[in-house]
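Each chain, letter by letter, is given below.
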Amino acid sequence: MQQLESIDALAIRQLKEWDEILTGWEMTNRYEVMDANGVKLFDAGEQRGSLLGRQFLGPKRPFSLVVLKSGSPVLHVHRQFRFFRETVNILDGGGSQLGSIEKTLNPVQRNYHIRNRDGREVCELHGPLTKPWTFFIMQNGNETGVITKRWGGIAREAFTDADAFGVRFPREASPEVKALLLGAVFLIDFVHFEE
């Protein structure tokens, strides 16, 4: 993910699935990842999963999502099925572990712990219930970045689940931490905005 080294912010846009809009059946999620100027950097999409799992498990479904640069994988995001403690593993394009993201149980806040490949926490995400579309990136108790869902307008919000997100990375974040935060955007979309 060296492509992220000089990037300070990303925009992630979920692509509309007309089959899903017309039928109401949940399809695999697909995204475009762009830099702050709107230049497309990556494509991303759900790779596996059953149609029945998508319909009946909805946002709880297990998924495998791959991020592609010119058709080659640069990042993998994997989630197993769990009722509690949402967890994803983030792997680089070659399949080596970069880290993991785990949602904690907290009735007042939506919190996630982001860990590197050694299991050491590199940052946390705090999503206050009073700001449902915002997740603050915290390091050592200080806000260093943010992930936000962008309002798509009444028609888009009412009739599709195609979402748009922005992420502003911490100033000194390594490409590996940025890749983990990109993976966190996909998890947040599945957990909080899929329905």
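Refer to the structure above for everything that follows.
My aim in this report is to walk through the structure given alongside it, one point at a time. Being a predicted model, the structure only gives us computed values, none of them experimental.

Along its length, the chain carries four helices and twelve strands. Considering only residue pairs separated by 6 or more positions, the chain has 41% of its internal contacts joining residues 24 or more positions apart. Within the structure as shown, the chain displays about 9,900 Å² of accessible surface, and the carbon and sulfur contribution to it stands at 52%.

The next subject is the pattern of salt bridges. Taken as a whole and assessed by the stated rule, the structure comprises five salt bridges. Glu32 serves as the salt-bridge partner of Lys40, at 4.0 Å between the closest nitrogen and oxygen. Given the relative accessible area of 44%, Lys40 is considered partly exposed. Its relative accessible area of 15% is what places Glu32 among the buried residues. Within the structure, one salt-bridge network assembled from shared partners comprises Arg13, Glu32, Lys40 and Asp43.

What follows covers the packing of aromatic side chains. Under the criterion given, the structure shown has four aromatic pairs. The interplanar angle of 10° and the centroid separation of 3.9 Å between the aromatic rings of Phe63 and Phe190 together place this pair among those described as stacked. One end of the pair, Phe63, is in strand E4 (residues 63-69); the other, Phe190, is in helix H4 (residues 175-193), with 127 residues separating them in the sequence. It is Lys149 that lies over the ring of Trp133; its NZ or CZ is 4.3 Å from the centre. Over the ring of Phe193 we find Lys149, and its NZ or CZ is 5.4 Å from the ring centre.

Residue Ser70 is not a glycine yet carries a positive backbone phi of 55°. With respect to the element layout, Ser70 can be found in the loop between E4 and strand E5 (72-79). Phi at Asn140 takes a positive value of approximately 55°, unusual for a residue other than glycine.

Strand order in the closed barrel formed by twelve strands is E1-E2-E3-E4-E5-E6-E7-E8-E9-E10-E11-E12, with antiparallel pairing between adjacent strands. Taken over all neighbouring pairs, the strand axes of this sheet differ in orientation by 20° on average, direction set aside. Judged from the five bridges that link them, strand E1 (residues 9-14) and strand E12 (residues 164-168) form a sheet pairing that is antiparallel. Bridging from a neighbouring strand, Arg13 pairs with Ala164 of E12. Here H4 sits on the sheet and contacts E1, strand E2 (30-35), strand E3 (40-46), E4, E5, strand E6 (87-92), strand E7 (97-103), strand E8 (109-116), strand E9 (121-128), strand E10 (134-139), strand E11 (142-150) and E12; the angle it forms with E7, its principal contact strand, is near 35°.

Bringing the side chain of Arg110 into the picture now. With respect to the helices, strands and loops of the structure, Arg110 is situated in strand E8. This buried residue, Arg110, is left without a salt bridge; Asp189 holds the nearest opposite charge, at 11 Å. At a separation of 3.2 Å, a polar atom in the side chain of Arg110 contacts the main-chain carbonyl oxygen of Lys131. Within the structure, Arg110 has its side chain in polar contact with the backbone oxygen of Pro132 (distance 2.9 Å). If near-sequence neighbours (up to four positions away) are discounted, Arg110 is found in contact with Leu125, His126, Gly127, Pro128, Leu129, Lys131, Pro132, Trp133, Thr134, Phe135 and His192.

With respect to the secondary-structure elements, Glu5 resides in the segment before E1. Taking C-alpha positions, Glu5 is 8.2 Å from Lys178, a pair spaced 173 residues apart along the chain. Sequence-distant contacts of Glu5, defined by excluding residues within four places in its chain, comprise Pro175 and Lys178.

Turning to the environment of Ile137, a few remarks are in order. Mapped onto the fold, Ile137 is located in strand E10. For the pair formed by Ile137 and Ile147, sequence separation is ten residues and the distance between their alpha carbons is 7.3 Å.

How each quantity is defined
Residues numbered from 1 in each chain as written. Predicted model: local features only at pLDDT ≥ 70, side-chain atom pairs only at ≥ 80, totals over all residues. Heavy atoms only, no water. Helix = DSSP H or I, 4+ residues; strand = E, 2+ residues; numbered from the N terminus. Contact = heavy atoms within 4.5 Å. Areas by Shrake-Rupley, 256 points an atom, 1.4 Å probe, with all protein chains shown as cover. Salt bridge = Lys/Arg side-chain N within 4 Å of Asp/Glu carboxyl O. Buried < 20%, exposed > 50% of the residue type's maximum accessible area, 1.4 Å probe, protein only. Phe/Tyr/Trp six-rings, centres within 6.5 Å; stacked < 30°, edge-to-face > 60°. Lys NZ or Arg CZ within 6 Å of the ring centre and 35° of its normal. Pairing = 2+ DSSP bridges. Axes fitted to C-alpha atoms, helices over the stretch in contact; angles between N-to-C directions. Lys, Arg positive; Asp, Glu negative; His and termini not counted. Polar contact = N/O pair within 3.5 Å; in protein donor to acceptor, adjacent residues only side chain to side chain.

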